[in-house]
Amino acid sequence: MAESAEIILDGKSYTLPVIEGTEHEKAFDIGKLRDQTGYVTLDSGYKNTGATKSAITFLDGEEGILRYRGYPIEQLAEKSTFLEVAYLLIYGALPNKAELDEFSHQITKHTLVHEDVRKIFDGFPSAAHPMGILSSLICSLTAFYPKSIDPDQSAEEINLNILRLMAKISTIAAWTYKNSQGHPLNYPRNDLDYTSNFLYMMFSFPTEKYEINPVVVSALNKLLILHADHEQNCSTSTVRLVGSANASLYGSVSAGINALWGPLHGGANQEVVEMLEAIQRDGGDTSKFIAKAKDKNDPFRLMGFGHRVYKNFDPRAKIIKKAADEVLAALGINDPLLTIAQELEQAALTDPYFVERKLYPNVDFYSGIIYKAIGIPTEMFTVMFALGRLPGWIAQWKEMRENKEPIGRPRQIYTGELERDYVSIENR
Ligand code: CMC
């Protein structure tokens, strides 16, 4: 590996230090470039910019590898629970039994939300998108826990807010759905595990007991694990950037939720099912939609295909595809959308347009089909993604704080007008 990089600007040579990660990822450090040379680097969308050093998640898009704290995603999805993975991401190591019991106990203890949070729901129109409500209510926690906005709060206080956030998000997410339906809200049940409790709060009625199905619990557990972190993606970078201004954990995560909501990011899972339904309504001709996706004059994109970093199969999509087959078989569901999805996938995987651009199904392509099968309504899909991504956001926010990273503040290349004099309105 090169020990340093040389850059020649205006005939003068400058040496830049080279950095290597534990997985031999290489970078050169341009932190002092502007001071030394007057130049900045330009990288729209940060496609080739390392914004931080991080020890949380390793991702190799070319090889289709994803590991949390060194553990392969395939093993975690198969053998672990969501809370165990959350602990691993946030605190850096797999918990022993006592540590996991204590973590689960603390989270269970904090699942109730302040009764005044219920009143906030009344202010939203019933048709409001749940992601907007979720981000608002997560930010509103700053009002209930004012010490959380103090940048100098102790490590214990930070940890308490982490536990509160992990606990309360599932109650708030389930209530968001219940409220949108005009249904009575269910209070959390401390006798249930994290995933079962969420399903209970979503689907139980005072008039009808909800039977918790282990197949559904296991599928949801897997989905939450697969979404738990994905290194410096759009929402995580947002959480780190907002947090770098010493903004609170709740405020930073609320910003991340808004970033995730975008249809190019987490919002894609909702868009995938809506796209599959649109294809079904249109008669089910997948080739027509493949042609639309390839037509540069048509804004249509094949939702659930392509990824900024995976230029090979998304390893999460492989696991989810298998899980979707298992869940549908176990629940005895024959969903015609799955057939359309399979046809679309086959067509895209053999079409030169998609092959040349390395566009493979991503995590969102099959997750919506599982959510649909287990009864999660379409507009809640991205909320489910947020529920899964929360430990990753927390871990990244915590790491950024503990490493005392400076406030994020990119540069720009200005392309606007040169200085000019103000013209009064009657002379314009
Ligand atoms: N359908 C058709 N063409 C596509 C698609 C698609 N889904 N995705 C990329 N392309 C084409 C794009 O038009 C471009 O073609 P050309 O080189 O001829 O101009 C080429 O592939 C490269 O695309 P890009 O937009 O430059 O790639 P990007 O890295 O900036 O964008 C992406 C990545 C995920 C935003 C994009 O692939 C996309 O819009 N996919 C659909 C939305 C989606 O499924 N998002 C979920 C991502 S996974 C969940 C998460 O982690 O957030």
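Reading the values: rules and limits
- Residues numbered from 1 in each chain as written.
- Predicted model: local features only at pLDDT ≥ 70, side-chain atom pairs only at ≥ 80, totals over all residues.
- Heavy atoms only, no water.
- Patch = residues over 30% accessible without salt bridge, like charges linked within 9 Å, V, L, I, M, F, W, Y side chains within 5 Å.
- Areas by Shrake-Rupley, 256 points an atom, 1.4 Å probe, with all protein chains shown as cover.
- Salt bridge = Lys/Arg side-chain N within 4 Å of Asp/Glu carboxyl O.
- Lys, Arg positive; Asp, Glu negative; His and termini not counted.
- Charge placed at Lys NZ, Arg CZ, Asp CG, Glu CD.
- Helix = DSSP H or I, 4+ residues; strand = E, 2+ residues; numbered from the N terminus.
- Buried < 20%, exposed > 50% of the residue type's maximum accessible area, 1.4 Å probe, protein only.
- 1 Å grid on protein atoms, 1.4 Å probe; cavity = no way out; pocket = protein on both sides within 12 Å on 5 of 7 lines; lining within 4 Å.
- Points joined across faces, edges and corners; volume = space filled by probe spheres on them.
- Nonpolar A, V, L, I, M, F, W, Y, C, P; charged D, E, K, R; others polar.
- Phe/Tyr/Trp six-rings, centres within 6.5 Å; stacked < 30°, edge-to-face > 60°.
- Lys NZ or Arg CZ within 6 Å of the ring centre and 35° of its normal.
- Arc of directions from axis to C-beta.
- Contact = heavy atoms within 4.5 Å.
- Pairing = 2+ DSSP bridges.
- Axes fitted to C-alpha atoms, helices over the stretch in contact; angles between N-to-C directions.
- Core = buried A, V, L, I, M, F, W, Y, C linked by side-chain atoms within 4.5 Å.
- Polar contact = N/O pair within 3.5 Å; in protein donor to acceptor, adjacent residues only side chain to side chain.

1. Digging into a positive patch on the surface
Taken together, the side chains of Lys47, Lys296, Arg301, Arg308, Lys311, Arg357 and Lys358 define a basic patch exposed on the protein surface. Among the structural elements, arginine 308 can be located in the loop between α13 (286-294) and α14 (315-331). Judged by its relative accessible area of 46%, arginine 308 is partly exposed.

2. Brief notes about empty space enclosed by the protein
Per the counting criterion, the structure on display carries one cavity of 30 Å³ or more. Roughly 30 Å³ of internal volume is contained in the largest cavity. In terms of lining residues, the largest cavity is bounded by Gly306, His307, Tyr310, Asn312, Phe313, Asp314, Tyr360, Pro361 and Asn362. Partitioning the lining of the largest cavity into residue classes produces four nonpolar, four polar and one charged.

3. Some details on the packing of aromatic side chains
With the rule as written, the count across this model stands at 15 aromatic pairs. Ring geometry for tyrosine 371 versus phenylalanine 381: centroids 5.3 Å apart, planes at 40°, classification tilted. With tyrosine 371 in helix α17 (residues 363-373) and phenylalanine 381 in helix α18 (residues 381-402), this pair connects stretches of sequence that are 10 residues apart. Accessibility assignment for this pair places tyrosine 371 and phenylalanine 381 in one class, buried. Ring pairs connect the aromatic residues Phe305, Tyr353, Phe354, Phe365 and Tyr366, which therefore count as one cluster. Seen from the ring of phenylalanine 205, lysine 178 lies directly overhead, with NZ or CZ sitting 3.9 Å from the centre. The residue whose ring lies beneath arginine 357 is tyrosine 353, and the NZ or CZ to ring-centre distance is 3.9 Å.

4. Notes on the layout of surface pockets
Taken as a whole, the second largest pocket holds about 290 Å³ of empty space. In terms of lining residues, the second largest pocket is bounded by 17 residues, among which Leu83, Ser104, Asp193, Tyr194 and Thr195 are the most central. Where the lining of the second largest pocket is concerned, the elements lending two or more residues are α3 (82-91), α4 (97-109), α8 (194-203) and α9 (214-226). Ranked by the residues each element gives to the lining of the second largest pocket, the list is headed by α4, at four residues. For the lining of the second largest pocket, the class distribution of residues is seven nonpolar, eight polar and two charged.

5. Some remarks on α13
Inspection of α13 places Thr286, Phe289, Ile290 and Ala293 among the buried residues, and these make up the whole buried set. For α13, the buried positions fall inside an angular range of 105° around the axis, keeping them on one side. Along its buried surface, α13 packs onto α12 (268-281), α15 (336-350) and α16 (352-356).

6. Things to note about the sheet that holds strand β2 (residues 12-20)
On the basis of which strands lie adjacent, the open sheet formed by three strands has the order β1-β2-β3 and antiparallel pairing. One side of each edge strand has no neighbouring strand; the edge strands of this open sheet are β1 (4-9) and β3 (26-28). Along the sheet, successive strands turn relative to each other by an average axial angle of 30°, direction set aside.

7. Quick word on the pairing of strand β4 (residues 57-60)
Taking every second residue as pointing to the same face, both faces of β4 are buried, with Thr57 and Leu59 on one and Phe58 and Asp60 on the other. Bridge count between β4 and strand β5 (residues 65-68): four bridges; the pairing is antiparallel. Bridging from a neighbouring strand, leucine 59 pairs with leucine 66 of β5. Taken together, β4 and the strand that follows it, β5, pair antiparallel across an intervening segment of four residues, in which glycine 64 is found at a positive phi of about 70°.

8. Re the nonpolar core
Ranked by size, the top nonpolar core spans 113 residues in total, and within it Leu134, Met166, Leu302 and Ile376 carry the most contacts. In this view, isoleucine 376 contacts Phe198, Met202, Phe203, Tyr371, Phe381 and Met384; residues no more than four positions away in its chain are not counted.

9. So, the environment of leucine 264
Here leucine 264 shows up in the loop between α11 (249-261) and α12. A residue is classified by how much of its surface remains accessible, and leucine 264, at 76% relative accessible area, is exposed.

10. Examining the side chain of asparagine 186
Structurally, asparagine 186 is set in the loop between α7 (155-181) and α8. One polar contact links the side chain of asparagine 186 to the main-chain carbonyl oxygen of serine 204, over a distance of 2.7 Å. The residues touching asparagine 186, leaving out its near neighbours within four places in the chain, are Trp175, Lys178, Tyr200, Met201 and Ser204.

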